[in-house]
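What the coordinates show
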Amino acid sequence: RILISRPLWEEERYTDGSKWRFLEHKGPVFAPPYEPMPDKVKFYYNGKPMKLSAPAEEVATFFAKMLDHEYTTKDIFRKNFFKDWRKEMTSEEKSKITDLNKCDFGEMNEYFKAQSEARKQMSKEEKQKIKEENERLLQEYGFCIMDNHKERIGNFRIEPPGLFRGRGDHPKMGMLKRRIRPEDIIINCSKDSKHPKPPPGTKWKEVRHDNKVTWLASWTENIQGSIKYIMLNPSSRIKGEKDWQKYETARRLKKCVDRIRAQYREDWKSKEMRIRQRAVALYFIDKLALRAGNEKEEGETADTVGCCSLRVEHIKLYPKLDEQEYVVEFDFLGKDSIRYYNKIPVEKRVFKNLQLFLENKQPEDDLFDRLNTSILNKHLQELMDGLTAKVFRTYNASITLQQQLKELSCSDDNIPAKILSYNRANRAVAILCNHQRAPPKTFEKSMQNLQTKIDEKQNQLSAARKQLKAAKADHKASHDEKSKKAVEVKRKAVQRIEEQLMKLQVQATDREENKQIALGTSKLNYLDPRISVAWCKKWGVPIEKIYNKTQREKFAWAIDMAEKDYEF
DNA sequence: ACAACGACTTGGGGAAACCTGC
DNA sequence: GCAGGTTTCCCCAAGTCGTTGT
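Per an unreviewed UniProt entry, chain A carries the name DNA topoisomerase I and comes from Kryptolebias marmoratus. Per its UniProt entry, chain A bears the Catalytic activity (unreviewed entry) comment "ATP-independent breakage of single-stranded DNA, followed by passage and rejoining." Under Sequence similarities (unreviewed entry), UniProt gives the following word-for-word description of chain A: "Belongs to the type IB topoisomerase family."

What follows is the structure, encoded as structure tokens:
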């Protein structure tokens, strides 16, 4: 089979909705089997040592490993864990172990700590061996052939069993995520490929040949009952093409966004409530880059919302706040239970509409009771082919980056200053999209270290300046070649140190401003990479300064495609 | 109409890998 | 060579949105 490499935009694409003609892979790698605790490591119930059956012991180790986490103290976590743990016990264990508070996992916990310590202390050779084994696994299972390409698989390892955590206040935290066996796995590959072999003595649940989908294997996860997939790496043709398409859709929105904005402003005045709600929601999605906000099943997940699912309790209206009129205060938990907090002045008409929507409602009622994502997206589809709520996020993110780059870049800047400008533009987008992070644990320390370095450099600089001054004076006195050279040498030294100092200061600024902001998500998912590639070309910044290796692989299509005059 | 399902993208955290100054 | 800090990459949860089934 010959593997042809061709630029993405010259690839032929299928018109019948199929995603591939040929797909061959080796199937997933399963989690290593459970290794029982050594006998000396004891579990205690009510102060007395107790030997657990292997299945019960395995689940106990999941809990033991997490003892240092705060969530093992949470009621829901403990309740869910204990309920699921009991299902794994023998009837004898079940009758004995009736109270989690009487369980002592301390020795198990110590054992795992010692193990991880031992892993750190391993010799170079041992570490090397593990690395090689991982590499072998990657080579064997980490790639597939899709049509004429050898492609990297994203996640070829099956998730190991463990306790489900979830994010935020999740009602299912602590539940047992069960071990996945070959019998749970559906394999997808082409008929004419060499089918993956299940481990000896086992069978796949099913082998199918569905070329309307891109996944290689799937299984149903037991916490939410949702399907998990094994799919290709972002560097693959199939993902790259989709990514490119996404930005092309956003660029089409750019062409008609004025019309759409005029339309929803008009709709604020509509006689129909549902149209007004739709128009106000769309305004929020456009202006604030809110997510669509699908309904969620209550009690199955953490209580989070997006635009369409906002409730009365999530907004506050201020006819006048500080110097501003018609201010809306948003305070809600969005995706991943990340808090969205924002106070923004809105147009009077929007404000009046919101007051109307709030009339006669309880805090827990829907703000947009006549609207959901399906209605909204149907409407958007009519405004532009392929338009959905999330396209606004992509569009506004990318256009903001482009504008900010234009505004902030300065030809006189050196490379570090240019990169600071880039990061600031990126940061503006991350703030718009509310991409937050917990400040790194080492943040204060690392700022201090940087400050120390800056102070040292400043001392160096003043010393170097003094030397330069002295050299100048010396030259003035002697006027000989040697002293002239000395002045040059010192001048160069001062210049070099100034540059280093500047670089450090830029770094400090960048880091400080980035304390609670996560740039990765917008960079990877919202910013048309061609904007960045073009910017690098225009300002002579090496692309490696903006995208690391993985990112360059993901955005290979854009790096190939974009010239310095690319316009989003 | 609308609920459930399926496929795919988006998301932050943390372990592992890598780097850097001593 | 190593300690500690930084970057990368993996993990897997949690969204979006189209399709399917009732």
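From this point, the discussion proceeds with the structure in view.
What follows deals with the overall build of chain A. Of the regular secondary structure elements, chain A holds 17 helices and 15 strands. Each principal axis of the C-alpha distribution contributes one length, and for chain A these read about 100 × 75 × 60 Å. The long-range share in chain A, meaning contacts at least 24 apart out of those at least 6 apart in sequence, stands at 68%. Each charge sign in chain A was given a centre, from 112 positive and 87 negative side chains, and these centres are 3 Å apart.

Take the environment of Gln128 next. Note on placement: Gln128 falls in helix 5 (residues 124-141). Using a relative accessible area of 39% as the deciding quantity, one classes Gln128 as partly exposed. With 56 residues separating them along the chain, Gln128 and Asp184 place their C-alpha atoms 34 Å apart.

With that out of the way, let us pick up the protein's contact with DNA strand B. Close to DNA strand B lie 26 residues; Tyr229, Lys239, Lys335, Thr521 and Tyr526 are nearest. Taking the atoms of DNA strand B that fall within 4 Å of the protein, sugar and phosphate contribute 84% of them. Side-chain polar atom of Trp215 to a phosphate oxygen of DNA strand B: 3.5 Å apart, as the coordinates give it. Here a phosphate oxygen of DNA strand B and a side-chain polar atom of Tyr526 are 2.9 Å apart. Broken down by secondary-structure element, the contributors of at least two residues to the surface near DNA strand B are strand 12 (227-230), helix 6 (237-267), helix 10 (389-408) and helix 14 (520-525).

Turning our attention to the UniProt feature "active site" (unreviewed entry) in chain A. In this structure's numbering, the residues bearing the UniProt feature "active site" (unreviewed entry) are Tyr526. You can see Tyr526 is positioned in the loop between helix 14 and helix 15 (529-539). Those residues in contact with Tyr526, other than ones at most four positions away along the chain, are Tyr247, Arg393, Thr394, Ala397, Ser398, His435 and Thr521.

With burial as the criterion, only one face of strand 5 (residues 143-146) is covered, namely that bearing Cys144 and Met146; the residues Phe143 and Ile145 on the opposite face remain uncovered. Taken together, the 4 bridges between strand 5 and strand 6 (residues 149-152) define a ladder with antiparallel strand orientation. Looking at the pairing, Met146 lines up with His149 of strand 6. Linking strand 5 back to strand 6 in an antiparallel pair, the connection comprises 2 residues, with Asp147 at a positive phi of about 50°.

Side chains of nonpolar character tend, in soluble globular proteins, to be buried together. Residues Leu253, Phe284, Phe330 and Phe368 are the most contacted members of the largest nonpolar core, which totals 73 residues. Counting contributing residues per domain, this core is built from domain 3 (239-384) and domain 4 (397-561), each supplying no fewer than three. Beyond its immediate stretch of four places on either side in the chain, Phe330 contacts Phe284, Leu288, Leu310, His314, Ile315, Tyr340, Tyr341, Asn342 and Ile344. Within the second largest apolar cluster, 28 residues are counted, among which are Tyr45, Phe62, Met66 and Met108.

Close to DNA strand C lie 29 residues, the nearest being Arg167, Lys228, Gly293, Lys445 and Thr550. Each atom of DNA strand C within 4 Å of the protein was assigned to sugar, phosphate or base; sugar and phosphate come to 86%. The backbone of Gly293 places a nitrogen or oxygen atom 2.7 Å from a phosphate oxygen of DNA strand C. Arg511 places a side-chain nitrogen or oxygen 2.9 Å from a phosphate oxygen of DNA strand C. Broken down by secondary-structure element, the contributors of at least two residues to the surface near DNA strand C are helix 10 and helix 12 (443-478). Its residues assigned to classes, the surface near DNA strand C shows 4 nonpolar, 12 polar and 13 charged.

Our focus in this paragraph is helix 12. The first and last C-alpha atoms of helix 12 sit 52 Å apart over 36 residues, in line with the 52 Å expected at 1.5 Å per residue. When we look at burial in helix 12, the residues that qualify are Phe443, Met447, Leu450, Ile454, Lys457, Leu461, Ala464, Leu468 and Ala471. Along its buried surface, helix 12 packs onto helix 13 (481-513). In the segment just after helix 12, His479 is the residue with positive phi, at about 55°.

Under the feature "coiled-coil region" (unreviewed entry), the UniProt entry names residues 113-140 and 447-514. Structurally, residues 113-140 is divided into 89% helix and 0% strand, and its ends, taken at the C-alpha atoms, are 32 Å apart. Taken end to end, residues 447-514 comprises 96% helix and 0% strand; its first and last C-alpha atoms sit 12 Å apart.

Note that Ile186 resides in strand 9 (residues 186-188). Given a relative accessible area of 11%, Ile186 falls into the buried group. Contacts of Ile186, omitting those with residues within four sequence positions, involve Lys205, Glu206, Arg208, Trp215, Leu216, Ala217 and Ser218.

Moving on, we come to the sheet that holds strand 15 (residues 339-345). The 3 strands are arranged 13-14-15 in an open sheet whose pairing can be described as antiparallel. The open sheet is flanked by strand 13 (315-321) and strand 15, the only strands paired with a single partner. Here the average twist between neighbouring strands, direction ignored, is 15°. In this structure, strand 13 lies alongside strand 14 (residues 324-333), joined through 6 bridges in antiparallel fashion. Bridging from a neighbouring strand, Lys320 pairs with Glu325 of strand 14. Of the strands in this sheet, strand 14 and strand 15 touch helix 7 (residues 273-288), which is tilted by about 100° from strand 15. Where helix 8 (residues 348-358) meets the sheet, its contacts fall on strand 13 and strand 14, and the angle it forms with strand 13 comes to roughly 135°.

Parameters at a glance
- Residues numbered from 1 in each chain as written.
- Chains lettered and ligands numbered in written order.
- Predicted model: local features only at pLDDT ≥ 70, side-chain atom pairs only at ≥ 80, totals over all residues.
- Heavy atoms only, no water.
- UniProt positions renumbered as here; feature names shortened; annotations may be inferred.
- Helix = DSSP H or I, 4+ residues; strand = E, 2+ residues; numbered from the N terminus.
- Contact = heavy atoms within 4.5 Å.
- Lys, Arg positive; Asp, Glu negative; His and termini not counted.
- Charge placed at Lys NZ, Arg CZ, Asp CG, Glu CD.
- Buried < 20%, exposed > 50% of the residue type's maximum accessible area, 1.4 Å probe, protein only.
- Near = heavy atom within 4 Å.
- Polar contact = N/O pair within 3.5 Å; in protein donor to acceptor, adjacent residues only side chain to side chain.
- Pairing = 2+ DSSP bridges.
- Core = buried A, V, L, I, M, F, W, Y, C linked by side-chain atoms within 4.5 Å.
- Domains from an automatic or database assignment.
- Nonpolar A, V, L, I, M, F, W, Y, C, P; charged D, E, K, R; others polar.
- Expected span 1.5 Å × (residues − 1).
- Axes fitted to C-alpha atoms, helices over the stretch in contact; angles between N-to-C directions.

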